[in-house]
Amino acid sequence: MSSQSTNSPASQSFALAGPSRHARDAVLPVRGDLAHIRLAGEVFVPHYAVPMPHRLAATCVLLSAARDDAEVLGELSEGSAFDVLDMAGGWAWGVADGDGAVGYVALDQLTAD
């Protein structure tokens, strides 16, 4: 048997530069399974999402989880921008006003841009 060919390309290795940031930082659009596409070079998650621009149809609250009894993170005004990164179970997870707070709003509170 022969050893590795001398014509094969050199292997590259990559090293982690430190711990990933976490969604607990309420302005970072990253969860354990998904992150905003702009974070692709900064955090490691299984999936990255391109934001889908929406507007709030009415004033509503931004929640920490996809349920009515979740912690309220803030109030969002009617007509405010909300970049949706994920939709499931009647909820949208995303970023308020582009680069603002991250959380959940009810899907029925949104209209597509």
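The structure contained in this document is the topic of the report that follows. (Residues numbered from 1 in each chain as written. Predicted model: local features only at pLDDT ≥ 70, side-chain atom pairs only at ≥ 80, totals over all residues. Heavy atoms only, no water.)

## A short note on the packing of aromatic side chains
Part 1 of the argument: Under the defined criterion, the tally for this structure stands at 0 aromatic pairs.
Part 2 of the argument: Positioned above the aromatic ring of W93, the side-chain terminus of R31 is 4.5 Å from the ring centre. (Phe/Tyr/Trp six-rings, centres within 6.5 Å; stacked < 30°, edge-to-face > 60°. Lys NZ or Arg CZ within 6 Å of the ring centre and 35° of its normal.)

## Examining the nonpolar core
Part 1 of the argument: Residues L34, A49, L63, A65, A70, L85, W91, W93, V95, V102 and Y104 constitute the largest nonpolar core, which totals 11 residues.
Part 2 of the argument: When contributions to this core are tallied by element, the ones reaching two or more residues are β7 (91–96) and β8 (102–106).
Part 3 of the argument: With 3 residues, the top contributor of residues to this core is β7. (Core = buried A, V, L, I, M, F, W, Y, C linked by side-chain atoms within 4.5 Å. Buried < 20%, exposed > 50% of the residue type's maximum accessible area, 1.4 Å probe, protein only. Helix = DSSP H or I, 4+ residues; strand = E, 2+ residues; numbered from the N terminus.)

## A look at the pattern of salt bridges
Part 1 of the argument: In this structure the tally under the stated criterion is 4 salt bridges.
Part 2 of the argument: Between R31 and D86 there is a salt bridge; the shortest N-O distance is 2.8 Å. Placement of the pair is R31 in the segment before β1 (34–36) and D86 in strand β6 (residues 81–88), with a sequence separation of 55 residues.
Part 3 of the argument: Given a relative accessible area of 17%, R31 falls into the buried group.
Part 4 of the argument: D86 gets classed as partly exposed once you look at its relative accessible area, which sits at 25%. (Salt bridge = Lys/Arg side-chain N within 4 Å of Asp/Glu carboxyl O.)

## Overview of the side chain of R31
Part 1 of the argument: At 2.8 Å, the side chain of R31 forms a polar contact with the side chain of D86.
Part 2 of the argument: A distance of 3.2 Å separates the side chain of R31 from the side chain of Y104, its partner in a polar contact. (Polar contact = N/O pair within 3.5 Å; in protein donor to acceptor, adjacent residues only side chain to side chain.)

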